[in-house]
Amino acid sequence: MRLGSGAFAACCVVIEVLGVALFLRGFFPAPVRSSSRAEQRAEPAAPEPSAGASSNWTKLPPPLFKKVVIMLIDGLRDDFVFGSKGVKFMPYTTYLVEKGASHSFVAEAKLPTVTMPRIKALMTGSLPGFIDVVRNLNSPELLEDNVITQAKAAGKRIIFYGDETWVKLFPKHFVEYDGTTSFFVSDYTEVDDNVTRHLDKVLKRGDWDVLILHYLGLDHIGHVSGPSSPLIGHKLREMDSILMKIHTSLLSEERETLVPNLLVLCGDHGMSETGGHGASSMEELNTALILISSAFERKPGDIRRPKHVQQTDLAATLAIGLGLPIPGNSVGSLLFPTVEGRPVREQLRFLHLNAVQLSKLLQENVPSYEKEPGFEQFKMSERLHGNWIRLYLEENNSEVLFNLGAKVRRQYLDALRTLSLSLSRQVAQYDIYSMLVGTVVVLEVLSLLLLSIPEALSNKAELEVPLWSPVFSLLFYLTLLVLSALHVIVCTSAESSCYFCGLSWLTAGGVMVLVSALLCAVVSALAKTFGDGKFLSKNSAHPKPRWSELDVLILLGTMGHVLSLGASSFIEEEHQTWYFLINTLCLALCHEIYRNCLLRDDSEPQQCPHVEEEFIRTAAALQDRSTGCDTLEPHGVSRSLTSLDTLRGYEKWMVLASPWVILTCCRLLRSLNQTGVQWAHRPDLGHWLTSSDHKAELSVLTALSLIVIFALVQRKCSLTSKVALALGLLGVYCYRAAIGNVLFPWQQDSKDISKGVIEARFVHVFVLGILFTGTKDLLKSQVIATDVTIKTVGLWEIYSGLVLLAALLFRPHNLPVLVFSLLIQTIMTKFIWKPLRHDAAEITIMHYWFGQAFFYFQGNSNNIATVDISAGFVGLDTYIEVPAVFLTAFATFAGPVLWASHLVSFLSSETSSGSALSHACFCYALICSFPVSAYIILVTSLRYHLFIWSVFSPKLLYEGMHILITAAICVFFTAMDQTNTKS
C-alpha cells in the first residue's frame, strides 16, 4: 500500500500517542496503600502494651475536642502568616501565634502542589500520586480510608462550604454543603462571599461536629495578579476577620459547655513568585498550619516558634482529636504538641496507636520490614511502654516512672519519625508492564520513521507501507503468540495491580496485534533498506551530496538537545538550550548569507550581483539529492533561482542584517520573562510592567503591540478578515482594560468596568469569524482547483485567527512575545528562506526550533506552576471543562502551534512542488518523536532518581502533551497536503 509521506507520518504519530498514553498510565503509579482498608476499620484498636500486667485500655481514647472547624485558605503560603504580610494584614492571627493558645507549624506539602492531591493528603495522611495533577480537573470519589469517612462512620455531623472538589471527593459525607467552582480564577470576591454568608447562621447552631471552610479567593488572586499584588493584603485582612469571628464564637460556646473546641487554619499549598503552583519551590511547598484551642495552655513568656512538619501529619492529629482510628494509609505522625498537656499515659497511648498504624502499613508495603530501623525502634518503644505500664499499674509514682515515661516518649517520637520517612520513600509502585508495552510501541514507531527517511523524503514523497505481507507472515503470528503467552504469565503472576492487565482481552489483544504488526513492518523496512543497499552503495547518476554547515548544525543541535534531557539541571533550565540553539542557528544563517554574497567557491571576494550562478548550482545539487527534499519555488515564477541581485538596495542590506535583527529580538525577549529554576526569582521586565506603579507604561506597550500585530498580520487577509482582525484587537484592549490590567485614555481610576466576559466574548466572535472565513476559502479552493490564491488566503486567515486568539489569552506584558514572533517570521520569510532557497526539511526544523524557543519566551518552563490557568477562563462566567482545558492548552503551547501554522501557510504559498508539505509533515513528526522516545527510556532508567517527581515527571507530562499537539499538527499537515494534491 502506497502512502504519502505526510499521511504515513500522521499515522505514526497517532500510534505513538497511544504508546505514550499507555506509558504514562504505568509510570504515574498508585501510591502505597493498605491492602485491607475495609477490614482495618472493622478491627478493634490495638491494646495498650503491657509487660506481666493486664491493661484494661483496649478501646480508642475519647475525643479531645467537642467541635472541630477547619478553615482552609487555598494558596496560604507560610510567609503570608508568619512573615511581614501576616503582621501587617493578619493582626488577630499574629496575636494568636505569638501569645494565644495555639500551636504554629510550617507544613511542607509534597508534589504535586495542586488542590485535589493536597486535600487527599490532609484527610488521608497519604502521599497522592503525581497523576492526580490530571485528575485535579475532575476529581473522582475518594475511596481511600480518610478522616472524613471515619468521622461519618462514627456518627459525626459534617458541614462543608467552599471548593466543590471536596463535594466530588466526599459526595455522601456532608449533612449540609455549598460548593463553589475552584477553576474560575477570575473571581476572587464572590467565590469567598458564598462561603462566608453561611457562617453567622451555622456558628449559632449546635447540630454539627465538624465544619470545613475552603476559601479560594487568595489562590485566584495569585493566579491572576501574583503574590505581590495589593489585592493579596486585602484578602488576608478579610481572612483574618473571618478567623476572629469563628474563634470568638467557639470561645463563647466553650464557656457554656466547658469542653474545648479546635480551630485549624491551614493552606493546601503555597504560591510561586509568579502566582502559580504545582512545582517544588519552597514558596509552593511551605504552607501555614495553626491549631487553635483553649486546651493549648500557654504560660506568660512562652515563645513558640513555628516548627517544620509534614502536611500529612494533620490526618493523624485530627483522628486523635476526634477520637477516631488513624486512616490506614496515613504516613504522617501525630503533632505531639497538641497532646503534650495530657497525662503521660494518654500521651503514650496516642503515640502507640500511631506507631502501630505506621508499622502495619510498613509491613504491607516493604517485604524486608523487619530490617527497617523504624520498625526496630517501634518494637523497642513497645517493650519499654509495657514496662512503664507495669510500673504505672503498680501505682509506682517514683522518679523512675517519670524518667522511664520520658524515655518511652522520646523513643516513640523517634520511631514515628523514622517510620514516616521510610514510608514516604516507598511512595509508589510502578506499573512496569504497562510502561514496557508503551515503550515498545513508541520505539517501534521511531524505528519505522527512521527507516522510512530515504523514501519519505524522495521527490515523490511516497513510500510503500507493507501492511498485508507482515500480517500474513510467520513472524507476525509467532510474535503475537509469544506476546499473548507473556501477557497471560505476567497478569496471572503480578502481585500488584496492572493497568494493561485490567483491560479487556479484546483491547489488550488489539494492542498486541498492533505491536506485532509494527515489529514486522520494522523488520520488513530494515530488510528492504539494506537489501537495496541504499546506505552502502553510491548512485552514480546522483552523486551523494555534501552536508552543508546548516545540516550539520541541525543534526548536532537535535542530538545535543536529546542528550541534555539526561540531566536534571538541563531539564530545569531547558530554555537555555533552546536559546543557545536558535542563537547558533542565526549565526549559521549569517555565515551562509555572507558567504553566498561575498565569496566565490575559491574564497575570492565578489559582489552580491554575481552570485546567481552559485545559487543555480546549489539548486541543481538540491534537486539531485537522493533524499529529494524540495526547494522553494514561488508561484508564477520560473524554476530558476531568484538570487540576491534581483533585490533592491535596501532589501539586500536587510538580507545581510536580518540574522542580527533576529538575534536582537531574541535577546530582548529573554529579558521579558525569567523562567527555569536558577534565575526565576530575579526581577525581569515582565515584573516591572505588571507592577501597579507602571500601569500606564503597560497600557502604552499593549496598545503599540496590538497595532504592530495588526500591521504584520493583515497584509495577506481579505478585506472582511482585516476588519474583523482590527475590531478583535480593539476588543482585546477593551478586555484587558475591563479587568483592570491596562487603562483607557479617558479612565482616571483603576475601577474595573466589568469582569471582561462581554469584551472577551466579543473577541471570540471575531476569532471564530476569521477561522470560518479561512475554512470557507480552503473549501472553495477545492472547487476552483486552479486558483492557488484562494487557498493561500484561507490558510493565512486561519493563522490570523489563531494569532488573534493568542493576543486575547496572553497577558498584556507578554504581547511583545507575539509581536516579535510575527516579526521574526516576516523577516525570515522575506529575507532568509526565499533568497537562500532552503529546502522544506530545513525550514521545518527551523520552525520547530523557534516554536520551542517561543514556548519558553512566553515564561513557560518544565514545571507545572508556570501554566497560566487564568487563560482558560477568558470569556467564561462559569467553569466549563472542554473550553477551559482547550484555552489553557492553547495559551501554554501557543508558540509551537503558531510556528507550525505559519509553516503550513508558508510552504503552501511559496512552493509549487506538491511534496513540500509531505516532507514537512514527516520531518516534524520525526523531530518530535525523537526526544519523546529518548525521554521515555531515560525516565524509566531514572525512576528511582531523587528528582524523579520534582523535575523529570513534570517534563514527562509536557512531552506527553507535546506529542498530542504534534499529532494534531501532523493531521492538519496531511489535510492540507491532500488539498495540494487535488489542486
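Cut-offs used in this document
- Residues numbered from 1 in each chain as written.
- Predicted model: local features only at pLDDT ≥ 70, side-chain atom pairs only at ≥ 80, totals over all residues.
- Heavy atoms only, no water.
- Pairing = 2+ DSSP bridges.
- Helix = DSSP H or I, 4+ residues; strand = E, 2+ residues; numbered from the N terminus.
- Axes fitted to C-alpha atoms, helices over the stretch in contact; angles between N-to-C directions.
- Disulfide = S-S within 2.5 Å.
- Buried < 20%, exposed > 50% of the residue type's maximum accessible area, 1.4 Å probe, protein only.
- Contact = heavy atoms within 4.5 Å.

Engineer: An account of the sheet that holds strand 9 (residues 286-292) is requested, with residue identities and associated values reported.
Structural biologist: Read across the open sheet, the eight strands follow the order 6-5-7-3-8-9-4-10; overall the sheet is mixed. Looking at strand neighbours, the two that pair on one side only are strand 6 (176-180) and strand 10 (307-310), the edges of this open sheet. In this sheet, adjacent strand axes meet at a mean angle of 15 degrees when their direction is disregarded. Strand direction decides the pairing type here: strand 3 (residues 68-73) and strand 7 (residues 210-215), joined by six bridges, are parallel. The partner of V68 across the bridge, within strand 7, is V210.

Engineer: Kindly report on the state of the cysteines, identifying the contributing residues and their values.
Structural biologist: This structure, assessed with the given rule, holds one disulfide. Between the sulfur atoms of C491 and its disulfide mate C501 the distance is 2.1 Å. One quick way to see it: the torsion about the S-S bond of C491 and C501 is about -85 degrees, and its sign makes the bridge left-handed. Placement of C491 in helix 22 (residues 474-493) and of C501 in helix 23 (residues 499-502) is noted, with a sequence separation of ten residues between them. Overall, C491 belongs to the partly exposed group, its relative accessible area being 25%. Relative accessible area serves as the criterion here: at 21%, C501 is assigned to the partly exposed category. C11 takes part in no disulfide bond, and the closest cysteine sulfur, belonging to C12, lies 7.0 Å away. Overall, C11 belongs to the partly exposed group, its relative accessible area being 42%. Not engaged in a disulfide, the cysteine C928 finds its nearest cysteine sulfur in C970; these two sulfurs lie 6.8 Å apart.

Engineer: Summarise the side chain of N863; cite the residues concerned and give the values.
Structural biologist: Tracing the chain through its elements places N863 in the loop between helix 36 (840-857) and helix 37 (881-892). Sequence-distant contacts of N863, defined by excluding residues within four places in its chain, comprise A279, G676, P954 and Y958.

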